[in-house]
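Residue-level structural notes
Below, each chain spelled out in residue letters.
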Amino acid sequence: MTATDSAGIDQHGTDQRVTAQLLRSADAVSYDPLVEVDWDTPLNTGLHGMSPEWSTLYGTTYWHEMGEDRQRALTRQETASVASTGIWFEMILQQMMLRDFYAKDPTDPDFQWALTEIADECRHSIMFARGAAKLEAPAYRPRRHVIELGRAFKTLASAETAYAAILVAEEVTDVMQRDWMRDERIVPFVRTISNIHVVEESRHMKFAREEVREQLAQAGRARRLKSSVIVAAAAYFIIKSMVNADVYAAAGLDVERSLREARANEHYKSMLRSSCAGLMEFLSSVGLLTRPAVAIYRRAHLI
């Protein structure tokens, strides 16, 4: 975004009052997870880590066979995996935003918002890391080729591809965590973490949408097509990395059977599609839901 005129509108037509509003919101409602989250109470293994309906095995034959204790153990490991994937992508996000705003006008509200969002993401990453440790989970990481693709993406992505990919990661977890923060079947500290993330990420998503709209305002058909495929590919690898295959072993399950039943679980696929309904509507509105992109989203079960 560029410098504003006297009406608060930048040269691309973006209303800078949106950014000022986000800064005021961050001043009024932000959290310190080190203070807000109960880190001291021992883990209650009689509760879930996520709403059971969000488990990759919910509703399968294996789910009904494993018993409630194993179900709760699985959801705790799956939540830790989602948190670890969140850390991975938040580190990509921070680097993209720092690169985007490098050497720009520090008096611009957009510049100040970028640093505010980066500070939020740093706190979130620490919060997720401590949450995963409290869930007694190992370090879950994306597969090596996905890590290397992420390394290339954070270096090369810019404009709408960077901010639309940010939206993909944040929209899916936002819908999940809106369920989790209200669910009394879940350990209390995960509910608190979910609430913090939902509140603060709502501002990040609003800014990302504004950036995508601005960047695409004058974009031609070829650029939209190229960007749509890049964003869809990023979405595919983010979604496929959310639940690491190692969660099944950590929960004491048969890994091969778990993977087989998870791949065939229509309930989980429908949950993913429902979580992305608003995102797909937005991508369509800005011309990023092209035919090749739709094919990729379908492979990821997002459409």
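Residues numbered from 1 in each chain as written. Predicted model: local features only at pLDDT ≥ 70, side-chain atom pairs only at ≥ 80, totals over all residues. Heavy atoms only, no water.

Describing the packing of helix 1 (residues 17-28) against helix 7 (residues 188-216)
Formally: Axis definition: a line fitted to C-alpha atoms, limited for helices to the stretch in contact. Angles are taken between N-to-C directions and run from 0 to 180 degrees. Comment: elements are numbered from the N terminus, with helices defined as DSSP H or I runs of at least four residues and strands as E runs of at least two. An angle counts as roughly parallel when it lies under 35 degrees, as roughly antiparallel when it exceeds 145, as roughly perpendicular when it falls between 65 and 115, and as oblique in every other case. Working rule for contacts: check all heavy atoms of both residues, and any pair within 4.5 Å makes them a contact. In the scheme used here, Gly and all other residues not listed as nonpolar or charged are polar, with Ala, Val, Leu, Ile, Met, Phe, Trp, Tyr, Cys and Pro taken as nonpolar and Asp, Glu, Lys and Arg as charged.
It is the contact of helix 1 with helix 7, at a shortest axis distance of 10 Å, that shows an interaxial angle of 170°. By the angle between their axes, helix 1 is roughly antiparallel relative to helix 7. Along its contact with helix 1, which presents V18, T19, Q21, L22, S25 and A26, the element helix 7 presents R203, K206, F207 and E210. Of the residues contributing to the contact of helix 1 with helix 7, the split by class is four nonpolar, three polar and three charged.

A few points about the layout of surface pockets
Filter applied, for reference: For each structure, a 1 Å grid was placed over the protein atoms alone; sets of points admitting a 1.4 Å probe that cannot get out are labelled cavities, open sets with protein on both sides within 12 Å along at least five of seven lines are labelled pockets, and lining residues have an atom within 4 Å of a point. Grid points are joined across faces, edges and corners, and a volume is the space filled by probe spheres set on the points.
Estimated volume of the largest pocket: approximately 750 Å³. Around the largest pocket, the lining is made up of 28 residues, and of these I239, K240, S241, V243 and L259 lie nearest the centre. For the lining of the largest pocket, the elements supplying multiple residues, two or more each, are helix 3 (61-101), helix 5 (144-156), helix 8 (221-241), helix 10 (255-263) and helix 11 (266-275). No other element matches helix 8, which puts five residues into the lining of the largest pocket. Of the residues in the lining of the largest pocket, the class split is 15 nonpolar, eight polar and five charged. A volume near 390 Å³ is recorded for the second largest pocket. If you trace the second largest pocket, you find 20 residues lining it, with S84, I87, W88, M91 and R141 closest to the centre. Secondary-structure elements contributing two or more residues to the lining of the second largest pocket are helix 3, helix 4 (109-134) and helix 5. The element best represented in the lining of the second largest pocket is helix 3, accounting for six residues. For the lining of the second largest pocket, the per-class residue count stands at 14 nonpolar, three polar and three charged.

Some thoughts on helix 4
Let me state the cut-off plainly: Under the convention used throughout, the expected extent of a helix is 1.5 Å for every residue step, that is, one less than its residue count.
With 26 residues, helix 4 extends 37 Å between its outermost C-alpha atoms, agreeing within 8% with the 38 Å of an ideal straight helix rising 1.5 Å per residue. One or two residues past the end of helix 4 sits E136, with phi positive at roughly 60°.

Considering the pattern of salt bridges
As a reminder of what qualifies: Within this document, salt bridges are pairs made up of a side-chain nitrogen of Lys or Arg and a carboxyl oxygen of Asp or Glu, the two lying within 4 Å of each other. Buried means the residue's accessible area, taken with a 1.4 Å probe over protein chains only, is under 20% of the maximum for its type, while exposed means over 50%, and partly exposed covers the values in between.
For the coordinates displayed, the defined rule picks out 16 salt bridges. Its salt-bridge partner being E65, residue R257 comes within 2.8 Å of it at the nearest N-O pair. One end of the pair, R257, is in helix 10; the other, E65, is in helix 3, and 192 residues separate them in sequence. The partner of R72 in a salt bridge is E68, and the shortest N-O contact between them spans 3.6 Å. Linking R72 with E68, this pair stays in helix 3, spanning four residues, or about one helical turn. When its relative accessible area of 55% is taken as the criterion, E68 is described as exposed.

Considering the nonpolar core
The condition is simple: Residues belong to a common nonpolar core when they are buried Ala, Val, Leu, Ile, Met, Phe, Trp, Tyr or Cys residues joined through side-chain atoms within 4.5 Å.
Ranked by size, the top nonpolar core spans 90 residues in total, and within it L57, L74, Y163, F189, Y297 and L302 carry the most contacts. Counting residues per element, this core draws most heavily on helix 3, which supplies 16 residues. For F189, the contacting residues outside a window of four places in its chain are V37, D38, W39, L43, G131, K134 and L135.

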